[in-house]
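Observations on the model geometry
Chain by chain, the residues:
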Amino acid sequence: MIFKTQQPRTRRKVVITRQAADGIITYSKARHPNEAILVLQGGQNKEQIVIDGLVIPPFASSGPFYSGFPIHDLPFDGSYIGSAHSHPGGSNRPSLEDLNRGFYGFVSVIISHPYEDETIAAYDRNGDKYELKIVESA
Ligand SMILES: [Zn+2]
């Protein structure tokens, strides 16, 4: 018999500024019924990943069920920490396609229709949900 010991994992939190959250919400609404995709700017330390800026990626393409951007066309910038995209229909869980395609940065934010604070979620590379907090300023 094999006993597995569960290592207590300390998970980092994702903190997003009010301004950045509103930017994701507004952009997703504007792109609806197509997906919206954005690059997230911010910083990170051991305890948390902070999202405080957004960049519209050059040459982004999207439709109702997909969105993407050529990562190679993004200039190297250490403040790019992840990406956000919208799900015009369905849930804010990562789709199989989301998990299979290249993960950009450290965090993947997904917002689902009707695009509110409550429908924003953040995931790590494995599709595990981060605790997400919206703050007035970071
Ligand atoms: Zn998706």
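See the structure shown above.
Keep in mind that this is a model prediction, so the values were computed, not measured. (Residues numbered from 1 in each chain as written. Predicted model: local features only at pLDDT ≥ 70, side-chain atom pairs only at ≥ 80, totals over all residues.)

A word on the overall build of the protein chain
In terms of regular secondary structure, the protein chain is built from two helices and nine strands. Shown N-terminal to C-terminal, the secondary structure of the protein chain runs as helices and strands in the order β-α-β-β-β-β-β-α-β-β-β. (Helix = DSSP H or I, 4+ residues; strand = E, 2+ residues; numbered from the N terminus.)

Examining the sheet that holds strand β6 (residues 80-87)
Sheet architecture is closed into a barrel: seven strands sit in the order β1-β3-β2-β6-β7-β8-β9, paired in mixed fashion. In this sheet, adjacent strand axes meet at a mean angle of 35 degrees when their direction is disregarded. Pairing analysis gives six bridges linking β6 to strand β7 (residues 107-112), with the strands arranged parallel. In the strand pairing of β7, Gly82 is matched with Val107. (Pairing = 2+ DSSP bridges. Axes fitted to C-alpha atoms, helices over the stretch in contact; angles between N-to-C directions.)

Let's talk about unusual backbone geometry
In the segment running from His32 into Pro33, the intervening peptide bond is cis, with an omega of 10 degrees. Residue placement: Pro33 occurs in the loop between α1 (18-31) and β2 (37-44). Between His113 and the following residue, Pro114, the backbone shows a cis peptide bond with an omega angle of 10 degrees. Secondary-structure assignment places Pro114 in the loop between β7 and β8 (120-123).

A word on α1
With 14 residues, α1 extends 20 Å between its outermost C-alpha atoms, agreeing within 8% with the 20 Å of an ideal straight helix rising 1.5 Å per residue. Turning to α1, its buried residues number three or more, namely Ala20, Ala21, Ile24 and Ser28. For α1, the arc enclosing every buried residue in end-on projection is 105 degrees, short of the 170-degree limit, so these residues lie on one face. (Expected span 1.5 Å × (residues − 1). Buried ≥ 20, exposed ≤ 12 C-beta atoms within 10 Å, placed from the backbone. Arc of directions from axis to C-beta.)

Describing the pairing of β2
Relative to β6, β2 runs antiparallel, the two sharing five bridges. Pairing of Ile37 across the sheet is with His85, part of β6. Two strands pair when backbone bridges link them, and β2 and strand β3 (residues 48-55) are joined in this way by six bridges, in the antiparallel orientation. Within β3, the position partnered with Gly42 by the bridge is Ile51. Hairpin connection, β2 to β3: the antiparallel pair is bridged by three residues.

Some thoughts on the environment of Pro114
Judged by the 12 C-beta atoms lying within 10 Å of it, Pro114 is exposed. For the pair Pro114 and His87, spaced 27 residues apart in the sequence, the C-alpha separation amounts to 9.4 Å.

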